[in-house]
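# Commentary on secondary and tertiary structure
If you want the building blocks of each chain, they are given just below.
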Amino acid sequence: GAVVSQHPSWVICKSGTSVKIECRSLDFQATTMFWYRQFPKQSLMLMATSNEGSKATYEQGVEKDKFLINHASLTLSTLTVTSAHPEDSSFYICSARVIPLGGFVEQSSYEQYFGPGTRLTVT
Amino acid sequence: GQNIDQPTEMTATEGAIVQINCTYQTSGFNGLFWYQQHAGEAPTFLSYNVLDGLEEKGRFSSFLSRSKGYSYLLLKELQMKDSASYLCAVRDGDYKLSFGAGTTVTVRA
């Protein structure tokens, strides 16, 4: 299956600083990447949809000026948490969706491939 | 919006069968997924249903009834390594996934 990596796997930062998280698709091109946040013992909540070469689409309640998303290439999307606060401490997970080039593909191939996640702790 | 419900916790014995139910109310439906997630790790894909019926994949099976807004994941011949959280997720027409809160399954010897 497709591989998605995230860097860093964990990060600790001080309140007020910014943190950048990278999401890479290693063996395929991803025109669309998704960013999720997961608090302890809760499910994944979609934060935004990142499309290569265009502005990200944010879900309701997610501050676009605080969570900056850049999808500059077909294999890389970045999430920058600006002016981080302790309440931003969470598990951030990205996923990538690949669209096949031509030909019929079963819809199941449009599944999302998840990265390993980044644990952010803001002190 | 999406409203997805699944039980919080389930416990079963090694070698047994467990069925995790998921009900959903969605504004758009384009498939239902089941994922397994171990603590501190990303979800891994288990199964996908878009048409009514049962999909079998080794020890895991998933069922969907679109008219009832209902799915279940069946885990057979439970092993200790199956202890994890199981997430039900519904995909909408924009290929966005909405997740349930997850069901923590504990397998006991």
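Computed from a predicted structure; not experimentally measured.

## Considerations on the overall build of chain B
Regarding its fold elements, chain B presents zero helices and 11 strands. Secondary structure of chain B in N-to-C order comes out as β-β-β-β-β-β-β-β-β-β-β. In terms of overall size, chain B behaves like a compact globule, its C-alpha atoms giving a radius of gyration of 13 Å where 109 residues would be expected to give roughly 13 Å. A principal-axis box enclosing the C-alpha atoms of chain B has dimensions of 40 × 30 × 20 Å. When the 109 residues of chain B are sorted by exposure, 48% land in the buried category. Summarising the internal contacts of chain B: among those between residues at least 6 apart in sequence, 54% fall at separations of at least 24. Of the accessible surface of chain B, which amounts to about 5,100 Å², a share of 47% is contributed by carbon and sulfur atoms. Here chain B contributes 9 positively and 11 negatively charged side chains, and the mean placements of these two sets differ by 2 Å.

## Here we look at the pairing of strand β3 (residues 18-26) of chain B
Residue and element names in this part refer to chain B. Where strand β1 (residues 2-5) meets β3, four bridges bridge the pair, whose relative direction is antiparallel. Paired with asparagine 3 across the two strands is glutamine 25, which belongs to β3. Here six bridges tie β3 to strand β8 (residues 70-75), and the two strands are oriented antiparallel to one another. Note that in β8 the partner of asparagine 21 across the bridge is tyrosine 72.

## Looking at the interface of chain A and chain B
Of the residues lining the interface, 21 residues belong to chain A; the matching set on chain B comes to 19 residues. Where chain A touches chain B, the interface holds one salt bridge. Among the ionic pairs, Lys96(B) bridges to Glu59(A), the shortest N-O distance being 2.9 Å.

## Topic: the packing of aromatic side chains
We describe a pair of aromatic rings using the distance from one ring centre to the other and the angle between the two ring planes. A complete count under the given rule lists 13 aromatic pairs over all chains for this structure. Relative to Tyr48(B), the ring of Phe33(B) has its centre 4.8 Å away and its plane inclined at 50°; by these criteria the two rings are tilted. Of this pair, Phe33(B) sits in strand β4 (residues 32-37) while Tyr48(B) sits in strand β5 (residues 44-49), and the two are 15 residues apart along the sequence. A cation over an aromatic ring shows up here: Lys66(A) above the ring of Phe67(A), its NZ or CZ 5.9 Å from the ring centre.

Reading the values: rules and limits
- Residues numbered from 1 in each chain as written.
- Chains lettered and ligands numbered in written order.
- Predicted model: local features only at pLDDT ≥ 70, side-chain atom pairs only at ≥ 80, totals over all residues.
- Heavy atoms only, no water.
- Helix = DSSP H or I, 4+ residues; strand = E, 2+ residues; numbered from the N terminus.
- Rg over C-alpha atoms; globule rule 2.2 N^0.38 Å.
- Buried < 20%, exposed > 50% of the residue type's maximum accessible area, 1.4 Å probe, protein only.
- Contact = heavy atoms within 4.5 Å.
- Areas by Shrake-Rupley, 256 points an atom, 1.4 Å probe, with all protein chains shown as cover.
- Lys, Arg positive; Asp, Glu negative; His and termini not counted.
- Charge placed at Lys NZ, Arg CZ, Asp CG, Glu CD.
- Pairing = 2+ DSSP bridges.
- Salt bridge = Lys/Arg side-chain N within 4 Å of Asp/Glu carboxyl O.
- Phe/Tyr/Trp six-rings, centres within 6.5 Å; stacked < 30°, edge-to-face > 60°.
- Lys NZ or Arg CZ within 6 Å of the ring centre and 35° of its normal.

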